[in-house]
Amino acid sequence: MEIWNIIVKSNTFNFLILLGFIILLCKIFKAGSLIEGACQKIKTNIENSDNAKSDSEKKLDEARKAVENVANEVKEIFDNAQKNAGLMGDKILKEADNQAKRIFENANKTLEQEGKKLVLSLTQKTALASLETAKNHIQKTLEEKPQYHNDFIKQSIDELNRLKTDE
């Protein structure tokens, strides 16, 4: 009986009882299936993590490949922009030059027309002045020499008759 007391008082016995109690609880609560389910979830999480990692690596590779060409694309875009700016500048200069020529031509035409108007105006004024001078001269001559008055009337009648027969 002393052995029994030693066993009961020792930690080994308590350990065996606790172990038996844990095994009994595991069987009652089906701990094996719970542990198996937890293992499956862990495996699934690990697989999902591995898949996500491989997808991320693929995306990283694609991003690196895309970034490799960015510098070339930026340079190409910049070169095209410079080329287009040069062409636009040339076009604007040509259009400005053509417009300046048209303005100059229009100004010359306007000056020419104004010159013609001025010449016509001066011609009209000169003609009026000449007529006024001729009128004054004729009046003065007729006042000084009244005999020319009859000659003038006769010449006017002859001229009117000539115009009448020409029609």
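About the criteria used
Residues numbered from 1 in each chain as written. Predicted model: local features only at pLDDT ≥ 70, side-chain atom pairs only at ≥ 80, totals over all residues. Heavy atoms only, no water. Helix = DSSP H or I, 4+ residues; strand = E, 2+ residues; numbered from the N terminus. Rg over C-alpha atoms; globule rule 2.2 N^0.38 Å. Buried < 20%, exposed > 50% of the residue type's maximum accessible area, 1.4 Å probe, protein only. Areas by Shrake-Rupley, 256 points an atom, 1.4 Å probe, with all protein chains shown as cover. Lys, Arg positive; Asp, Glu negative; His and termini not counted. Charge placed at Lys NZ, Arg CZ, Asp CG, Glu CD. Expected span 1.5 Å × (residues − 1). Salt bridge = Lys/Arg side-chain N within 4 Å of Asp/Glu carboxyl O. Patch = residues over 30% accessible without salt bridge, like charges linked within 9 Å, V, L, I, M, F, W, Y side chains within 5 Å. Contact = heavy atoms within 4.5 Å. pLDDT = per-residue confidence, 0-100.

J.: I'm lost on the overall build of the protein chain in this one. Help?
T.: Assigned secondary structure in the protein chain consists of five helices and zero strands. Ordering the α and β elements of the protein chain from the N terminus gives α-α-α-α-α. For 167 residues, the compact-globule formula gives about 15 Å, and the C-alpha radius of gyration of the protein chain, at 63 Å, lies well above that figure. In the protein chain, which comprises 167 residues, the proportion classed as buried is 1%. As displayed, the protein chain has an accessible area near 15,600 Å², and 62% of this comes from carbon and sulfur atoms. The protein chain carries 26 positive and 26 negative side-chain charges, and their two centres are separated by 6 Å.

J.: How do you make sense of helix H2 (residues 11–28) when you look at a structure like this?
T.: An α-helix turns once every 3.6 residues. As a result, residues three or four positions apart point the same way. Over its 18 residues, H2 extends 25 Å from the first C-alpha to the last, a length consistent with the 26 Å expected when each residue adds 1.5 Å. Positive backbone phi, approximately 50°, marks Lys30, located one or two places after H2.

J.: Can you walk me through the pattern of salt bridges in this structure?
T.: Tallied over the full model, the rule gives four salt bridges. Across the pair Lys101 and Asp97 runs a salt bridge, and its minimum N-O distance is 3.6 Å. Of this pair, Lys101 and Asp97 both sit in helix H4 (residues 70–144), four residues apart, which is roughly one turn of that helix. Residue Asp97 is classed as partly exposed on the basis of its relative accessible area of 40%. For Glu159, the salt bridge is made with Arg162, and the minimal N-O distance between the two is 2.3 Å.

J.: What is the right way to look at a nonpolar patch on the surface in this model?
T.: Together, Leu18, Phe21, Ile22, Leu24, Leu25, Ile28 and Phe29 make up an exposed nonpolar region whose accessible area comes to about 690 Å². Looking at where Phe29 falls in the secondary structure, it is placed in the loop between H2 and helix H3 (31–68). A relative accessible area of 58% places Phe29 in the exposed class.

J.: In this structure, what is going on with the environment of Leu142? I would like to understand it.
T.: Assignment of secondary structure puts Leu142 in helix H4. Between the C-alpha atoms of Leu142 and Ala107, which are 35 residues apart in sequence, the distance is 51 Å. The residues touching Leu142, leaving out its near neighbours within four places in the chain, are Tyr148 and His149.

J.: In this structure, what is going on with the environment of Ile28? I would like to understand it.
T.: Considering the arrangement of structural elements, one finds Ile28 in helix H2. Between the C-alpha atom of Ile28 and that of Asp90, which follows or precedes it by 62 residues, the distance is 92 Å.

J.: How should I be thinking about the confidence of the model for the protein chain in this particular structure?
T.: In regions of low pLDDT, the predicted coordinates are not meant to be interpreted in detail. Mean pLDDT over the protein chain stands at 84; residues scoring 70 or higher make up 97%. The spread of mean pLDDT over the elements of the protein chain runs between helix H1 (residues 2–9), the lowest at 74, and H4, the highest at 87.

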